[in-house]
Amino acid sequence: MDLRRAAPATAALLALTTACTGGTVQGTPGASGLRDPYFPKAGNGGYDVTHYGLKLDYAPGTGELSGTAEITATAGQDLSAFNLDLEGMEVESVRVDGKGARFNRVGQELTVRPSDELTKGRTFRTVVRYSGTPRSIEDPDGSEEGWIETDDGAVAVGEPQGSMAWFPGNHHPSDKAAYDVEIAVPKGYEAVSNGVLKSRTDRDGHTVFRWHSPEPMAGYLATLAIGKYAVTASRTASGLPVLTAVRPEEAADSAAALKRIPEVVDWGTRRFGPYPFSATGAIVEDDGTLGYALETQSRPIFSGAPDTELLVHEMAHQWFGNSVSPRSWRDMWLNEGFATYAEWLWAEEHGGPSAEKRFRTFYDEDTDADPEADGSYWAFPPADPPGAEHISDSPVYYRGAMVLHRIRQEVGDEAFFALVRGWAAAHRHGNADTKEFTAYAERQTGKDLSGIWETWLYGDGKPEE
Ligand code: TRP
Ligand code: ZN
(Lines give C-alpha, C1' and ligand atoms only; values in the text may rest on other atoms or scores of the structure.)
(Ligands and ions follow the chains in the order given, each with its own letter.)
Protein backbone atom coordinates (compact mmCIF):
# COMPACT_ATOMS: atom_id res chain seq x y z
CA MET A 1 0.00 0.00 0.00
CA ASP A 2 2.96 2.20 0.61
CA LEU A 3 4.47 3.84 -2.39
CA ARG A 4 8.08 4.77 -2.59
CA ARG A 5 9.66 7.45 -4.65
CA ALA A 6 10.46 6.53 -8.21
CA ALA A 7 14.09 6.00 -9.07
CA PRO A 8 15.49 8.17 -11.87
CA ALA A 9 14.38 7.02 -15.29
CA THR A 10 16.84 5.15 -17.40
CA ALA A 11 17.95 7.11 -20.42
CA ALA A 12 16.86 4.34 -22.76
CA LEU A 13 13.31 4.25 -21.49
CA LEU A 14 12.99 8.01 -21.55
CA ALA A 15 14.19 8.08 -25.12
CA LEU A 16 11.64 5.44 -26.11
CA THR A 17 8.84 7.27 -24.39
CA THR A 18 9.82 10.58 -25.91
CA ALA A 19 9.90 9.09 -29.38
CA CYS A 20 6.45 7.67 -28.99
CA THR A 21 4.65 10.66 -27.54
CA GLY A 22 6.26 13.26 -29.75
CA GLY A 23 8.24 14.89 -26.98
CA THR A 24 5.33 15.82 -24.72
CA VAL A 25 6.58 13.64 -21.91
CA GLN A 26 5.30 14.40 -18.47
CA GLY A 27 5.19 11.03 -16.79
CA THR A 28 8.28 9.07 -15.85
CA PRO A 29 8.80 5.32 -15.49
CA GLY A 30 7.98 3.82 -12.11
CA ALA A 31 10.97 2.47 -10.18
CA SER A 32 12.06 -1.07 -11.01
CA GLY A 33 12.42 -1.97 -7.33
CA LEU A 34 11.41 -0.66 -3.92
CA ARG A 35 14.95 -0.63 -2.56
CA ASP A 36 14.22 -3.22 0.05
CA PRO A 37 17.38 -3.50 2.18
CA TYR A 38 17.64 -7.23 1.36
CA PHE A 39 15.78 -7.61 -1.94
CA PRO A 40 16.26 -4.29 -3.78
CA LYS A 41 14.63 -5.46 -7.01
CA ALA A 42 11.52 -6.80 -5.28
CA GLY A 43 8.38 -4.78 -5.96
CA ASN A 44 8.07 -1.74 -8.17
CA GLY A 45 7.39 1.95 -7.71
CA GLY A 46 4.77 4.30 -9.09
CA TYR A 47 1.61 2.33 -8.53
CA ASP A 48 -0.33 0.42 -5.89
CA VAL A 49 -2.13 -2.83 -6.73
CA THR A 50 -5.62 -3.26 -5.27
CA HIS A 51 -6.62 -6.55 -6.92
CA TYR A 52 -5.13 -9.54 -8.73
CA GLY A 53 -7.41 -11.68 -10.87
CA LEU A 54 -5.53 -14.79 -11.96
CA LYS A 55 -7.08 -17.21 -14.47
CA LEU A 56 -4.78 -20.18 -14.82
CA ASP A 57 -4.60 -23.59 -16.37
CA TYR A 58 -2.13 -26.22 -15.16
CA ALA A 59 -1.20 -29.50 -16.81
CA PRO A 60 0.47 -31.74 -14.22
CA GLY A 61 1.70 -34.05 -16.98
CA THR A 62 3.84 -31.49 -18.79
CA GLY A 63 4.24 -28.98 -15.96
CA GLU A 64 2.85 -26.24 -18.20
CA LEU A 65 1.07 -23.27 -16.60
CA SER A 66 -0.79 -20.77 -18.75
CA GLY A 67 -3.29 -18.03 -18.26
CA THR A 68 -3.85 -14.38 -17.62
CA ALA A 69 -3.15 -12.05 -14.74
CA GLU A 70 -5.50 -9.09 -14.51
CA ILE A 71 -3.93 -6.51 -12.23
CA THR A 72 -5.92 -3.52 -11.02
CA ALA A 73 -3.73 -0.73 -9.70
CA THR A 74 -3.72 2.99 -8.96
CA ALA A 75 -0.97 5.21 -10.34
CA GLY A 76 0.97 7.00 -7.60
CA GLN A 77 2.64 9.32 -10.09
CA ASP A 78 2.32 10.25 -13.76
CA LEU A 79 3.58 7.05 -15.36
CA SER A 80 5.10 6.63 -18.79
CA ALA A 81 6.03 3.03 -17.96
CA PHE A 82 5.93 0.68 -15.02
CA ASN A 83 7.39 -2.66 -14.02
CA LEU A 84 6.01 -5.96 -12.83
CA ASP A 85 8.11 -8.74 -11.31
CA LEU A 86 8.04 -12.03 -13.19
CA GLU A 87 10.81 -14.64 -13.23
CA GLY A 88 10.81 -17.11 -16.11
CA MET A 89 7.61 -17.88 -18.07
CA GLU A 90 6.82 -16.43 -21.45
CA VAL A 91 4.82 -13.26 -21.84
CA GLU A 92 2.52 -13.38 -24.86
CA SER A 93 0.82 -10.03 -24.58
CA VAL A 94 0.20 -7.13 -22.25
CA ARG A 95 -2.82 -4.84 -22.43
CA VAL A 96 -3.46 -1.77 -20.32
CA ASP A 97 -7.08 -0.63 -20.10
CA GLY A 98 -7.92 -2.69 -23.16
CA LYS A 99 -5.14 -1.38 -25.38
CA GLY A 100 -2.08 -3.32 -26.44
CA ALA A 101 1.01 -2.19 -24.56
CA ARG A 102 4.69 -2.62 -25.46
CA PHE A 103 6.78 -4.56 -23.02
CA ASN A 104 10.24 -5.90 -22.52
CA ARG A 105 11.95 -8.17 -20.05
CA VAL A 106 15.28 -8.10 -18.24
CA GLY A 107 15.77 -10.63 -15.45
CA GLN A 108 12.81 -10.48 -13.09
CA GLU A 109 11.67 -7.12 -14.44
CA LEU A 110 8.80 -6.96 -16.93
CA THR A 111 8.62 -3.36 -18.12
CA VAL A 112 5.26 -2.27 -19.53
CA ARG A 113 4.86 0.85 -21.63
CA PRO A 114 1.17 1.64 -22.05
CA SER A 115 0.11 3.39 -25.26
CA ASP A 116 -1.26 6.25 -23.18
CA GLU A 117 0.42 7.72 -20.15
CA LEU A 118 -1.21 6.99 -16.83
CA THR A 119 -1.87 10.09 -14.82
CA LYS A 120 -1.39 10.14 -11.08
CA GLY A 121 -4.43 8.85 -9.20
CA ARG A 122 -5.79 6.89 -12.14
CA THR A 123 -6.95 3.33 -11.60
CA PHE A 124 -5.83 1.12 -14.46
CA ARG A 125 -6.13 -2.53 -15.44
CA THR A 126 -3.22 -4.49 -16.85
CA VAL A 127 -3.83 -7.89 -18.41
CA VAL A 128 -0.79 -10.10 -18.93
CA ARG A 129 -1.16 -13.29 -20.95
CA TYR A 130 1.61 -15.72 -20.14
CA SER A 131 2.59 -19.37 -20.21
CA GLY A 132 5.49 -21.71 -19.62
CA THR A 133 6.93 -24.09 -17.11
CA PRO A 134 7.27 -22.14 -13.88
CA ARG A 135 10.53 -22.57 -12.07
CA SER A 136 11.60 -22.91 -8.50
CA ILE A 137 13.73 -20.11 -7.09
CA GLU A 138 16.63 -20.60 -4.74
CA ASP A 139 16.69 -18.30 -1.72
CA PRO A 140 19.90 -16.61 -0.62
CA ASP A 141 19.85 -19.07 2.31
CA GLY A 142 19.69 -22.04 -0.08
CA SER A 143 16.05 -23.07 0.42
CA GLU A 144 13.73 -23.62 -2.52
CA GLU A 145 10.62 -21.57 -3.14
CA GLY A 146 8.52 -20.39 -6.05
CA TRP A 147 6.90 -23.18 -8.02
CA ILE A 148 7.79 -26.63 -6.65
CA GLU A 149 6.78 -29.71 -8.58
CA THR A 150 5.56 -32.63 -6.50
CA ASP A 151 4.87 -36.31 -7.32
CA ASP A 152 1.55 -35.57 -8.96
CA GLY A 153 1.25 -31.79 -9.10
CA ALA A 154 2.88 -28.66 -7.78
CA VAL A 155 2.82 -26.20 -4.91
CA ALA A 156 3.56 -22.46 -4.94
CA VAL A 157 5.32 -20.91 -1.94
CA GLY A 158 6.55 -17.35 -2.08
CA GLU A 159 8.60 -16.25 0.92
CA PRO A 160 10.41 -14.02 0.33
CA GLN A 161 10.49 -13.80 -3.49
CA GLY A 162 8.91 -16.92 -4.99
CA SER A 163 5.57 -15.48 -6.07
CA MET A 164 7.17 -13.94 -9.17
CA ALA A 165 7.70 -17.49 -10.44
CA TRP A 166 3.99 -18.01 -11.13
CA PHE A 167 2.34 -14.63 -11.65
CA PRO A 168 3.44 -11.12 -12.57
CA GLY A 169 2.91 -8.52 -9.87
CA ASN A 170 4.24 -5.99 -7.44
CA HIS A 171 6.03 -8.61 -5.41
CA HIS A 172 6.95 -6.80 -2.23
CA PRO A 173 5.10 -7.14 1.09
CA SER A 174 4.47 -3.38 1.20
CA ASP A 175 1.92 -3.62 -1.63
CA LYS A 176 -0.93 -5.86 -0.50
CA ALA A 177 -4.05 -6.55 -2.54
CA ALA A 178 -7.22 -8.67 -2.74
CA TYR A 179 -7.07 -11.81 -4.94
CA ASP A 180 -9.30 -13.96 -7.07
CA VAL A 181 -7.63 -17.11 -8.37
CA GLU A 182 -9.33 -19.28 -10.96
CA ILE A 183 -7.48 -22.49 -11.74
CA ALA A 184 -8.32 -25.28 -14.16
CA VAL A 185 -6.75 -28.71 -13.67
CA PRO A 186 -7.48 -32.12 -15.19
CA LYS A 187 -10.43 -33.88 -13.61
CA GLY A 188 -9.35 -35.91 -10.60
CA TYR A 189 -6.96 -33.23 -9.33
CA GLU A 190 -7.58 -30.76 -6.56
CA ALA A 191 -6.38 -27.16 -6.80
CA VAL A 192 -6.29 -25.28 -3.52
CA SER A 193 -5.47 -21.62 -3.01
CA ASN A 194 -6.02 -18.99 -0.32
CA GLY A 195 -9.36 -17.81 0.98
CA VAL A 196 -12.85 -19.02 0.26
CA LEU A 197 -13.82 -21.54 -2.43
CA LYS A 198 -16.48 -19.78 -4.50
CA SER A 199 -17.15 -22.59 -6.95
CA ARG A 200 -15.90 -25.86 -8.32
CA THR A 201 -17.14 -26.82 -11.76
CA ASP A 202 -16.38 -29.63 -14.15
CA ARG A 203 -16.06 -28.84 -17.83
CA ASP A 204 -14.47 -30.74 -20.72
CA GLY A 205 -12.44 -33.12 -18.61
CA HIS A 206 -11.25 -30.30 -16.35
CA THR A 207 -12.22 -29.02 -12.95
CA VAL A 208 -12.22 -25.28 -12.44
CA PHE A 209 -11.75 -23.93 -8.92
CA ARG A 210 -12.47 -20.30 -8.04
CA TRP A 211 -10.83 -18.97 -4.88
CA HIS A 212 -11.53 -15.57 -3.36
CA SER A 213 -9.38 -13.64 -0.87
CA PRO A 214 -11.13 -10.36 -0.05
CA GLU A 215 -8.64 -9.15 2.56
CA PRO A 216 -5.30 -7.61 1.53
CA MET A 217 -2.60 -10.21 0.96
CA ALA A 218 1.13 -9.82 0.36
CA GLY A 219 2.26 -11.71 -2.75
CA TYR A 220 4.61 -13.96 -0.78
CA LEU A 221 1.60 -15.42 1.04
CA ALA A 222 -0.31 -16.39 -2.10
CA THR A 223 -0.37 -20.11 -2.78
CA LEU A 224 -1.62 -22.71 -5.17
CA ALA A 225 -1.43 -26.41 -4.40
CA ILE A 226 -2.31 -28.85 -7.16
CA GLY A 227 -2.46 -32.59 -6.63
CA LYS A 228 -4.49 -35.50 -5.37
CA TYR A 229 -5.22 -34.30 -1.87
CA ALA A 230 -7.81 -35.52 0.56
CA VAL A 231 -9.92 -32.39 1.06
CA THR A 232 -12.19 -31.73 4.00
CA ALA A 233 -14.43 -28.72 4.51
CA SER A 234 -16.19 -27.70 7.71
CA ARG A 235 -16.87 -24.64 9.82
CA THR A 236 -15.75 -23.46 13.24
CA ALA A 237 -18.40 -22.86 15.92
CA SER A 238 -18.43 -19.19 14.93
CA GLY A 239 -19.00 -20.07 11.25
CA LEU A 240 -15.51 -19.56 9.81
CA PRO A 241 -14.94 -21.95 6.85
CA VAL A 242 -12.17 -24.50 7.48
CA LEU A 243 -10.66 -26.29 4.48
CA THR A 244 -7.81 -28.74 4.70
CA ALA A 245 -6.03 -30.46 1.80
CA VAL A 246 -3.75 -33.28 2.87
CA ARG A 247 -1.59 -35.76 1.00
CA PRO A 248 -3.17 -39.14 1.69
CA GLU A 249 0.18 -40.43 2.98
CA GLU A 250 0.22 -37.72 5.67
CA ALA A 251 -3.46 -37.92 6.62
CA ALA A 252 -3.14 -40.23 9.63
CA ASP A 253 -0.19 -38.35 11.14
CA SER A 254 -1.80 -34.93 10.53
CA ALA A 255 -5.21 -35.68 11.94
CA ALA A 256 -4.53 -34.84 15.59
CA ALA A 257 -3.07 -31.37 14.89
CA LEU A 258 -5.51 -30.43 12.11
CA LYS A 259 -8.48 -31.30 14.32
CA ARG A 260 -7.31 -28.51 16.59
CA ILE A 261 -7.46 -25.75 13.96
CA PRO A 262 -10.73 -24.27 15.34
CA GLU A 263 -9.34 -24.39 18.88
CA VAL A 264 -6.11 -22.66 17.82
CA VAL A 265 -8.03 -19.97 15.88
CA ASP A 266 -10.27 -19.36 18.91
CA TRP A 267 -7.26 -19.21 21.21
CA GLY A 268 -5.54 -16.74 18.87
CA THR A 269 -8.70 -14.66 18.78
CA ARG A 270 -8.70 -14.42 22.58
CA ARG A 271 -5.01 -13.60 22.79
CA PHE A 272 -4.47 -11.43 19.69
CA GLY A 273 -7.92 -10.11 18.75
CA PRO A 274 -10.37 -10.92 15.93
CA TYR A 275 -9.16 -13.47 13.38
CA PRO A 276 -8.20 -11.36 10.34
CA PHE A 277 -9.40 -13.51 7.40
CA SER A 278 -12.60 -15.04 6.05
CA ALA A 279 -11.33 -18.62 5.95
CA THR A 280 -8.85 -20.95 7.60
CA GLY A 281 -7.42 -24.42 7.12
CA ALA A 282 -4.15 -26.05 6.08
CA ILE A 283 -2.34 -27.75 3.22
CA VAL A 284 -0.14 -30.72 4.08
CA GLU A 285 2.43 -31.83 1.52
CA ASP A 286 4.55 -34.94 1.67
CA ASP A 287 7.42 -34.81 4.10
CA GLY A 288 10.50 -33.34 2.42
CA THR A 289 8.62 -31.46 -0.31
CA LEU A 290 9.77 -28.11 1.09
CA GLY A 291 11.73 -28.73 4.26
CA TYR A 292 9.85 -25.88 5.94
CA ALA A 293 6.34 -24.68 6.69
CA LEU A 294 4.89 -21.43 5.40
CA GLU A 295 2.10 -19.27 6.77
CA THR A 296 0.35 -18.88 3.37
CA GLN A 297 -2.62 -16.61 3.99
CA SER A 298 -5.61 -18.25 5.63
CA ARG A 299 -4.25 -21.72 4.80
CA PRO A 300 -0.69 -22.48 5.93
CA ILE A 301 1.37 -25.11 4.14
CA PHE A 302 3.21 -27.88 5.94
CA SER A 303 5.85 -30.17 4.56
CA GLY A 304 4.87 -33.37 6.33
CA ALA A 305 2.41 -33.68 9.20
CA PRO A 306 2.61 -30.73 11.61
CA ASP A 307 2.61 -31.00 15.38
CA THR A 308 0.46 -28.63 17.43
CA GLU A 309 3.29 -26.17 18.13
CA LEU A 310 4.03 -25.73 14.44
CA LEU A 311 0.32 -25.30 13.73
CA VAL A 312 0.18 -22.63 16.45
CA HIS A 313 3.21 -20.90 14.91
CA GLU A 314 1.72 -20.72 11.40
CA MET A 315 -1.72 -19.72 12.73
CA ALA A 316 -0.17 -16.93 14.84
CA HIS A 317 1.36 -15.60 11.60
CA GLN A 318 -2.17 -14.93 10.35
CA TRP A 319 -2.21 -12.01 12.82
CA PHE A 320 1.55 -11.30 12.80
CA GLY A 321 2.99 -11.28 9.30
CA ASN A 322 -0.18 -11.76 7.26
CA SER A 323 -2.52 -9.14 8.71
CA VAL A 324 0.24 -6.95 10.16
CA SER A 325 2.84 -7.38 7.41
CA PRO A 326 6.45 -6.27 7.37
CA ARG A 327 7.18 -2.99 5.62
CA SER A 328 10.42 -4.49 4.36
CA TRP A 329 12.28 -7.78 4.78
CA ARG A 330 14.27 -6.15 7.57
CA ASP A 331 11.15 -6.36 9.74
CA MET A 332 11.04 -10.17 9.68
CA TRP A 333 11.44 -10.43 13.44
CA LEU A 334 7.98 -8.84 13.77
CA ASN A 335 6.71 -11.96 11.97
CA GLU A 336 8.89 -14.64 13.46
CA GLY A 337 9.41 -13.26 16.96
CA PHE A 338 5.64 -13.02 17.46
CA ALA A 339 4.92 -16.45 15.92
CA THR A 340 7.61 -18.05 18.09
CA TYR A 341 6.38 -16.27 21.19
CA ALA A 342 2.87 -17.51 20.37
CA GLU A 343 4.25 -21.06 20.68
CA TRP A 344 5.61 -20.18 24.13
CA LEU A 345 2.26 -18.68 25.14
CA TRP A 346 0.34 -21.69 23.88
CA ALA A 347 2.66 -24.03 25.78
CA GLU A 348 2.30 -22.17 29.07
CA GLU A 349 -1.48 -22.34 28.79
CA HIS A 350 -1.57 -25.99 27.74
CA GLY A 351 0.53 -27.80 30.30
CA GLY A 352 3.98 -26.96 28.92
CA PRO A 353 6.74 -24.79 30.38
CA SER A 354 5.92 -21.15 31.17
CA ALA A 355 7.23 -18.49 28.80
CA GLU A 356 9.42 -17.32 31.68
CA LYS A 357 10.90 -20.81 31.92
CA ARG A 358 11.51 -20.93 28.16
CA PHE A 359 13.10 -17.51 28.24
CA ARG A 360 15.49 -18.78 30.96
CA THR A 361 16.21 -21.95 29.03
CA PHE A 362 17.22 -19.89 26.01
CA TYR A 363 19.10 -17.30 28.01
CA ASP A 364 21.04 -20.03 29.86
CA GLU A 365 21.51 -22.03 26.62
CA ASP A 366 20.13 -25.09 28.35
CA THR A 367 20.10 -27.54 25.44
CA ASP A 368 18.99 -30.36 27.76
CA ALA A 369 15.72 -28.52 28.35
CA ASP A 370 15.40 -27.52 24.66
CA PRO A 371 17.83 -28.54 21.90
CA GLU A 372 17.07 -25.29 20.07
CA ALA A 373 18.48 -23.29 23.00
CA ASP A 374 22.00 -23.51 21.56
CA GLY A 375 23.00 -19.84 21.76
CA SER A 376 22.95 -19.40 17.96
CA TYR A 377 20.41 -16.58 18.46
CA TRP A 378 23.09 -14.26 19.84
CA ALA A 379 24.71 -14.11 16.39
CA PHE A 380 23.18 -10.76 15.38
CA PRO A 381 20.50 -8.30 16.51
CA PRO A 382 17.06 -9.48 15.37
CA ALA A 383 16.13 -6.07 13.99
CA ASP A 384 19.16 -6.03 11.71
CA PRO A 385 20.07 -9.33 10.01
CA PRO A 386 23.52 -9.08 8.38
CA GLY A 387 22.30 -10.15 4.92
CA ALA A 388 19.46 -11.63 2.87
CA GLU A 389 20.71 -15.14 3.64
CA HIS A 390 20.10 -14.51 7.36
CA ILE A 391 16.52 -13.20 7.45
CA SER A 392 15.21 -16.53 8.71
CA ASP A 393 18.08 -17.39 11.08
CA SER A 394 17.53 -18.17 14.74
CA PRO A 395 18.02 -14.61 16.16
CA VAL A 396 14.98 -13.49 14.14
CA TYR A 397 12.89 -16.25 15.75
CA TYR A 398 14.22 -16.87 19.27
CA ARG A 399 15.79 -13.59 20.18
CA GLY A 400 12.74 -11.95 18.57
CA ALA A 401 10.55 -13.94 20.98
CA MET A 402 12.86 -12.96 23.85
CA VAL A 403 12.38 -9.27 23.01
CA LEU A 404 8.64 -9.75 23.51
CA HIS A 405 9.18 -11.60 26.76
CA ARG A 406 11.48 -8.83 28.01
CA ILE A 407 8.67 -6.34 27.37
CA ARG A 408 6.26 -8.59 29.29
CA GLN A 409 8.70 -8.79 32.22
CA GLU A 410 8.93 -5.00 32.25
CA VAL A 411 5.25 -4.06 31.95
CA GLY A 412 3.37 -7.06 33.40
CA ASP A 413 0.82 -9.39 31.86
CA GLU A 414 -2.13 -7.04 31.61
CA ALA A 415 -0.26 -4.26 29.82
CA PHE A 416 1.62 -6.80 27.68
CA PHE A 417 -1.48 -8.53 26.31
CA ALA A 418 -3.18 -5.17 25.76
CA LEU A 419 -0.10 -4.16 23.77
CA VAL A 420 -0.16 -7.33 21.64
CA ARG A 421 -3.88 -6.92 20.86
CA GLY A 422 -3.50 -3.20 20.28
CA TRP A 423 -0.62 -3.77 17.86
CA ALA A 424 -2.63 -6.32 15.84
CA ALA A 425 -5.57 -3.90 15.74
CA ALA A 426 -3.55 -0.76 14.91
CA HIS A 427 -2.02 -2.27 11.76
CA ARG A 428 -4.74 -4.79 10.88
CA HIS A 429 -4.53 -5.61 7.14
CA GLY A 430 -1.61 -3.19 6.82
CA ASN A 431 2.16 -2.96 7.20
CA ALA A 432 4.49 -1.96 9.99
CA ASP A 433 8.19 -1.71 10.74
CA THR A 434 10.37 -2.03 13.81
CA LYS A 435 10.44 1.71 14.60
CA GLU A 436 6.66 1.82 14.53
CA PHE A 437 6.56 -1.14 16.90
CA THR A 438 8.96 0.33 19.45
CA ALA A 439 7.18 3.71 19.36
CA TYR A 440 3.81 2.00 19.71
CA ALA A 441 4.97 -0.16 22.63
CA GLU A 442 6.21 2.87 24.57
CA ARG A 443 3.10 4.92 23.83
CA GLN A 444 0.74 2.08 24.72
CA THR A 445 2.45 1.07 27.96
CA GLY A 446 3.61 4.55 28.96
CA LYS A 447 7.09 3.15 29.71
CA ASP A 448 10.53 3.96 28.49
CA LEU A 449 11.63 0.66 26.99
CA SER A 450 14.75 1.99 25.29
CA GLY A 451 16.99 -0.31 27.34
CA ILE A 452 15.27 -3.34 25.82
CA TRP A 453 15.54 -1.99 22.30
CA GLU A 454 19.21 -1.09 22.67
CA THR A 455 20.36 -4.41 24.03
CA TRP A 456 17.82 -7.02 22.86
CA LEU A 457 16.67 -5.64 19.51
CA TYR A 458 19.64 -3.68 18.17
CA GLY A 459 22.56 -4.78 20.35
CA ASP A 460 25.34 -7.17 19.42
CA GLY A 461 26.01 -10.35 21.37
CA LYS A 462 24.36 -11.85 24.41
CA PRO A 463 22.80 -9.17 26.64
CA GLU A 464 24.10 -8.95 30.22
CA GLU A 465 21.67 -10.09 32.91
N1 TRP B 1 8.01 -18.11 7.59
C2 TRP B 1 8.22 -19.54 7.72
C3 TRP B 1 7.83 -19.93 9.12
O4 TRP B 1 8.46 -19.49 10.05
C5 TRP B 1 9.61 -19.99 7.47
C6 TRP B 1 10.12 -19.67 6.11
C7 TRP B 1 9.90 -20.39 5.01
C8 TRP B 1 10.90 -18.55 5.71
N9 TRP B 1 10.52 -19.80 3.94
C10 TRP B 1 11.14 -18.71 4.34
C11 TRP B 1 11.42 -17.45 6.35
C12 TRP B 1 11.86 -17.76 3.62
C13 TRP B 1 12.14 -16.53 5.63
C14 TRP B 1 12.37 -16.67 4.28
O15 TRP B 1 6.89 -20.60 9.35
ZN1 ZN C 1 7.31 -18.35 11.14
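Remember, predicted model here, so these are calculated numbers, not experimental data. (Residues numbered from 1 in each chain as written. Chains lettered and ligands numbered in written order. Predicted model: local features only at pLDDT ≥ 70, side-chain atom pairs only at ≥ 80, totals over all residues. Heavy atoms only, no water.)

A. Just the pairing of strand β15 (residues 196–203), in detail. Alignment of β15 against strand β16 (residues 206–217), held across seven bridges, turns out to be antiparallel. When the bridges of β16 are listed, aspartate 202 appears paired with threonine 207. Following β15, the chain reverses through two residues before pairing antiparallel with β16; aspartate 204 in that reversal takes a positive phi of roughly 45 degrees. (Pairing = 2+ DSSP bridges. Helix = DSSP H or I, 4+ residues; strand = E, 2+ residues; numbered from the N terminus.)

B. Structural context of the domain arrangement of the chain. Assigned domains of the chain: these are domain 1 (1–17 + 26–220), domain 2 (229–314) and domain 3 (324–457). Distance from the C-alpha centre of domain 1 to the C-alpha centre of domain 2: 26 Å. Across the domain 1-domain 2 interface, the total number found is one salt bridge. One salt bridge in this structure joins aspartate 152 and arginine 247, with 2.6 Å as the shortest N-O distance. Broken down by secondary-structure element, the contributors of at least two residues to the side of domain 1 that touches domain 2 are β11 (144–149), β12 (154–157), β14 (190–193) and β16. At five residues, β16 tops the list of elements feeding residues into the side of domain 1 that touches domain 2. (Domains from an automatic or database assignment. Salt bridge = Lys/Arg side-chain N within 4 Å of Asp/Glu carboxyl O.)

C. Summary view of the coordination of the zinc ion (ligand 2). Within the protein, the zinc ion (ligand 2) binds to His313 (NE2), His317 (NE2) and Glu336 (OE); these donor distances fall in the range 1.9 to 2.0 Å. Angles of 99 to 141 degrees at the metal separate the four donor atoms of the zinc ion (ligand 2), which places the site in the irregular class. Spacing between the donor residues of the zinc ion (ligand 2) along their common chain follows H-x3-H-x18-E. Taken as a pair, histidine 317 in helix α4 (residues 308–319) and glutamate 336 in helix α5 (residues 332–349) lie far apart in primary sequence, 19 residues in all. Neither residue differs from the other here; histidine 317 and glutamate 336 are each classed as buried. (Donors = N, O, S within 2.8 Å, 3.2 Å for Na, K, Ca; no water. Tetrahedral: all angles 85-135°; square planar, octahedral: opposite > 155°, others 65-115°. Buried < 20%, exposed > 50% of the residue type's maximum accessible area, 1.4 Å probe, protein only.)

D. Unusual backbone geometry, seen in detail. A cis amide bond links glutamate 159 to the next residue, proline 160, at an omega of -5 degrees. Here proline 160 lies in the loop between β12 and β13 (177–186). The backbone of arginine 35 shows a phi angle near 55 degrees, a positive value even though the residue is not glycine. Non-glycine residue methionine 89 carries a positive phi angle of around 65 degrees. Among the secondary structure elements, methionine 89 is positioned in the loop between β4 (79–85) and β5 (90–96). Given the relative accessible area of 12%, methionine 89 is considered buried.

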